[in-house]
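Reading the structure
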Amino acid sequence: MTSPAFEHNKSIPKRFSCDGEGKNPPLKIDKIPKETKSLVLIVDDPDAPMGTFVHWVVFDIPVINEIVEGSVPGRQGMNTTRGVNWVPPCPPSGTHRYVFKIYALDKILGLKDGAAKAAVEKAMEGHVLDKAELIGLYKR
């Protein structure tokens, strides 16, 4: 997985943060296994002061090679703010890592909108064909 907006372990542009437009950045997904039935995207900030902050959970994403900027590509799970939307980077201090994880699954999860990250991860068990990770950095 790559992004045309930022490189792995490099800064996420301000426009994708709470200091800018706050839209989700575009993502490119390559080498998806043929047997894939759906994708899952989880975005976390492991550097948040109160523990890992969940920025976005999207599941039952159709098999696509691109997630467009500002789009909602599938069903959304609950984030740390208890919402079902993308939460843009907005670290209180220092540089934080934003870990974008994509999973190719051999099934459609069929969970309800607002499912917790833990429920999505539990439903994925035994069904992950492949996964990839992209880390973006942001400092205010």
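Now for a quick tour of the structure. This is a predicted model, so every value here is computed, not measured. Residue numbers restart at each chain and count upward from 1, following the sequence in its written direction. Given that this is a predicted model, residues contribute local features only at a pLDDT of at least 70 and side-chain atom pairs are listed and counted only at 80 or more, while totals for whole chains, interfaces and linings are drawn from all residues. Here the side-chain values reflect all heavy atoms present in the structure, with hydrogen atoms and water set aside.

Topic: the state of the cysteines
Two cysteine sulfur atoms form a disulfide, by the criterion used here, when they sit within 2.5 Å. Under the counting rule described, the total for this entry stands at one disulfide. Residue Cys18 pairs covalently with Cys90 via a disulfide, S to S 2.0 Å. Between Cys18 and Cys90 the disulfide shows an S-S torsion of about 75 degrees. By sign, it is right-handed. Residue Cys18 is located in the loop between β1 (10–11) and β2 (27–28), and its partner Cys90 is located in the loop between β6 (75–76) and β7 (95–105); the two are separated by 72 residues in the primary sequence. Only protein chains enter the accessibility calculation, which uses a 1.4 Å probe; a residue is then buried when its area is under 20% of its type maximum, exposed when over 50%, and partly exposed in between. The partly exposed category is assigned to Cys90, whose relative accessible area is 36%. Going along the chain from the N terminus, every DSSP run of H or I of four or more residues is numbered as a helix, and every run of E of two or more is numbered as a strand.

Structural notes on the pattern of salt bridges
Put simply, a salt bridge is a Lys or Arg side-chain nitrogen that is within 4 Å of an Asp or Glu carboxyl oxygen. Per the stated rule, a full pass over the model turns up nine salt bridges. The residue Lys122 makes a salt bridge to Glu125 at a minimum N-O spacing of 3.8 Å. Each member of the pair, Lys122 as well as Glu125, is classed as exposed. Connected through shared salt-bridge partners, Asp44, Lys101 and Lys117 make up one network.

As for unusual backbone geometry
With a phi close to 55 degrees, Lys31 is a non-glycine residue in the positive phi region. Positionally, Lys31 belongs in the loop between β2 and β3 (38–45). The phi dihedral of Asp60 is positive, around 55 degrees, even though this residue is not glycine. Along the chain, Asp60 turns up in strand β4 (residues 53–61). Classification of Asp60 by relative accessible area gives buried; the value is 15%.

Quick word on the packing of aromatic side chains
The rule is short: rings of Phe, Tyr and Trp, with Trp giving its six-membered ring, pair when the centres are within 6.5 Å, and they are stacked under 30 degrees, edge-to-face over 60, tilted in between. Within this structure, the stated rule accounts for three aromatic pairs. When the ring of Phe6 is compared with that of Phe100, the centres are 5.7 Å apart and the planes differ by 45 degrees; the resulting orientation is tilted. A residue pair is termed long-range when its members are at least 10 positions apart, and Phe6 in the segment before β1 and Phe100 in strand β7 qualify at 94 residues. Accessibility assignment for this pair places Phe6 and Phe100 in one class, buried. When the ring of Trp56 is compared with that of Trp86, the centres are 5.6 Å apart and the planes differ by 70 degrees; the resulting orientation is edge-to-face. A residue pair is termed long-range when its members are at least 10 positions apart, and Trp56 in strand β4 and Trp86 in the loop between β6 and β7 qualify at 30 residues. In this structure, Trp56 and Trp86 share a single accessibility class: buried. In textbook terms, an aromatic cluster arises when at least three aromatic residues are bridged by ring pairs, as seen for Phe6, Trp56, Trp86 and Phe100.

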